[in-house]
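A look at the structure
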Amino acid sequence: MADDDQAVRYDVGDHVAMITIDRPSARNALSTDVLRGLCAGLDRAEADDEIRAVVLTGGEKIFASGADIRELRTTSPAGYLQSERLAAWARFGRFPKPSIAAVAGYALGGGCELAMSCDFIVAADSATFGQPEIRLGILPGAGGTQRWARVAGRFRAAELVLAARTVDAWTAREYGLVARVVPAERVVAAGVALAGEVAAFGPVATRLSKAAVRASEELPLAGGLEHERALLGTLLSTEDHFEGIDAFLEKRSARFTGR
Ligand code: HXC
């Protein structure tokens, strides 16, 4: 498809990669090509030691409208289970560096789930979040039912998933989904600024901190605490940990190297 040729852009800034979905003719629908482009961007960001955080964004009016409904029309159950799209979602879940979704306009269905697969969501005042899959006779397939319930509570999740209600940026912040709401024209800059803050910390501590927080989605408390202690034990053997402490005691900025 011609409009998919450049559907995902990758740009590099100061220790931060920006991945932009750019398929406006289909409202940034997450076709297999787009998912492939997102995976390629994450692969590149993961392999590049200079990159310490990723900002994922869309357009001014649309972050992403969810799964490509035209593709979905021809997706069989067996095809879905073996699909590249399923593998792509698994890949998003395995991305080890911090990720920030900068959301302007609609984040619907898989688009909302894509934002929720990130570590932070910065929202424009124009942002609208929702899981309208029920209108199509299906349900969210990339974490929407589970993540909304965990973040906002089961009853709010039911409003989104069963009643196809959408929420604006402030409501999403009140629900705990969104870290901050900013004017639309500043959302990308706010995402990049947050990425820059995160990128300034030691990359190993950042990676393990992300893993620890993510484990809270999976593990019961006792297991999560054990996991946390084990990760802390690992960090106590890093050079960055000595550097962080020395910098504090010497009243200077730390120079983390990732060792
Ligand atoms: C394919 C899409 C699309 C989508 C929009 N388009 N969303 N194509 N997949 N998800 C196409 C339209 O068909 C139309 O094509 C063009 O983009 C413009 O769409 P409009 O509706 O005219 O745009 P607008 O009025 O700006 O409204 C934007 C919108 C609306 C609010 C985002 O398009 C919308 O509600 N889209 C569907 C959202 C949705 O239901 N998402 C859930 C998908 S299922 P033409 O050719 O007519 O110009 C999902 C989970 C699946 O995500 C899990 C199982 C795998």
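Since this is a predicted model, take the numbers as computed values, not measurements.

1. Some details on the site of the ligand
What surrounds the ligand is a group of 22 residues, the closest being Arg27, Ser65, Ala67, Ile69 and Gly110. Within the contact set of the ligand, an oxygen atom lies 3.4 Å away from a backbone nitrogen or oxygen of serine 25. One of the side-chain nitrogen or oxygen atoms of arginine 27 is found 2.9 Å away from an oxygen atom of the ligand. Burial of the ligand by the surrounding chains reaches 65%, relative to a free accessible area of 1,000 Å². At the level of elements, helix H2 (69-73) and strand E6 (106-108) are the ones that each hand at least two residues to the shell around the ligand. Here the shell around the ligand gets three residues from one element, more than from any other, and that element is H2. Class assignment for the residues of the shell around the ligand results in 12 nonpolar, six polar and four charged.

2. Focus on the sheet that holds strand E9 (residues 166-168)
Taking strand neighbours across the sheet as the criterion, the four strands line up as E4-E6-E8-E9 in an open arrangement whose pairing is mixed. What marks the edges here is a single partner per strand, and that holds for strand E4 (62-64) and E9. Sheet twist, expressed as the mean angle between neighbouring strand axes with direction ignored, is 20 degrees. Two strands pair when backbone bridges link them, and E6 and strand E8 (residues 128-130) are joined in this way by three bridges, in the parallel orientation. When the sheet's bridge partners are listed, tyrosine 106 is paired in E8 with threonine 128.

3. Notes on empty space enclosed by the protein
Counting across every chain of the model gives two cavities of 30 Å³ or more. A volume near 80 Å³ is recorded for the largest cavity. Surrounding the largest cavity, Leu42, Leu56, Phe92, Phe95, Ser99, Leu114, Ser117 and Cys118 form its lining. Taken as a whole, the second largest cavity spans an internal volume of roughly 30 Å³. Around the second largest cavity sit Ile19, Leu38, Leu42, Leu56, Phe92 and Leu114, which together line it.

4. Overview of the layout of surface pockets
Reported here for the largest pocket is a volume of approximately 770 Å³. In terms of lining residues, the largest pocket is bounded by 31 residues, among which Ala67, Leu72, Glu133, Leu136 and Ile138 are the most central. Where the lining of the largest pocket is concerned, the elements lending two or more residues are H2, helix H4 (84-94) and helix H5 (110-116). Take the lining of the largest pocket: its biggest share by element is four residues, from H2. Across the lining of the largest pocket, the residue classes break down as 17 nonpolar, six polar and eight charged.

5. Observations concerning the nonpolar core
If you look at the biggest cluster of nonpolar residues, it comprises 45 residues, and the most contacted ones within it are Leu38, Phe129 and Trp148. Counting 16 residues, the second-largest nonpolar core is a separate cluster that includes Val16, Ile100, Ala102 and Ala104.

6. Considering the packing of helix H10 (residues 203-215) against helix H11 (residues 221-235)
Interhelical geometry of H10 versus H11 gives an angle of 175 degrees and a closest axis separation of 10 Å. Judged by the inter-axis angle, H10 sits roughly antiparallel to H11. Two secondary-structure elements touch here, H10 through Val204, Ala205, Leu208, Ala211, Ala212 and Ala215 and H11 through His227, Leu231, Thr234 and Leu235. Its residues placed into classes, the contact of H10 with H11 shows eight nonpolar, two polar and no charged.

7. Quick word on the sheet that holds strand E7 (residues 120-124)
In spatial order, the strands read E1-E2-E3-E5-E7-E10; together these six strands make up an open sheet with mixed pairing. Among the strands making up the open sheet, the edge pair consists of strand E1 (8-12) and strand E10 (180-182). Taken pair by pair, the neighbouring strands of this sheet meet at an average axis angle of 20 degrees, ignoring direction. Sheet topology places strand E5 (residues 99-103) next to E7; four bridges connect them, and they run parallel. Along E7, the bridge assignment pairs isoleucine 100 with phenylalanine 120.

8. What about the packing of aromatic side chains?
Tallied over the full model, the rule gives two aromatic pairs. Ring centres of tryptophan 89 and phenylalanine 92 lie 5.1 Å apart, and the angle between their planes is 75 degrees; this geometry places the pair in the edge-to-face category. Here the residue tryptophan 89 and the residue phenylalanine 92 both occupy positions in helix H4, the gap between them amounting to three residues, near one helical turn. In terms of burial, tryptophan 89 and phenylalanine 92 fall into one category: buried. Aromatic side chains tryptophan 148 and tyrosine 175 sit 6.4 Å apart centroid to centroid with 90 degrees between the ring planes, which places their arrangement in the edge-to-face category. Highlighted residues: tryptophan 148 in helix H6 (residues 144-152) and tyrosine 175 in helix H8 (residues 169-175), separated in sequence by 27 residues. On the basis of relative accessible area, tyrosine 175 is assigned to the buried category, the value being 11%.

Reading the values: the criteria
Residues numbered from 1 in each chain as written. Predicted model: local features only at pLDDT ≥ 70, side-chain atom pairs only at ≥ 80, totals over all residues. Heavy atoms only, no water. Near = heavy atom within 4 Å. Polar contact = N/O pair within 3.5 Å; in protein donor to acceptor, adjacent residues only side chain to side chain. Areas by Shrake-Rupley, 256 points an atom, 1.4 Å probe, with all protein chains shown as cover. Helix = DSSP H or I, 4+ residues; strand = E, 2+ residues; numbered from the N terminus. Nonpolar A, V, L, I, M, F, W, Y, C, P; charged D, E, K, R; others polar. Pairing = 2+ DSSP bridges. Axes fitted to C-alpha atoms, helices over the stretch in contact; angles between N-to-C directions. 1 Å grid on protein atoms, 1.4 Å probe; cavity = no way out; pocket = protein on both sides within 12 Å on 5 of 7 lines; lining within 4 Å. Points joined across faces, edges and corners; volume = space filled by probe spheres on them. Core = buried A, V, L, I, M, F, W, Y, C linked by side-chain atoms within 4.5 Å. Buried < 20%, exposed > 50% of the residue type's maximum accessible area, 1.4 Å probe, protein only. Parallel < 35°, antiparallel > 145°, perpendicular 65-115°, else oblique. Contact = heavy atoms within 4.5 Å. Phe/Tyr/Trp six-rings, centres within 6.5 Å; stacked < 30°, edge-to-face > 60°.

Interpretation in functional terms is not warranted from these geometric data alone.
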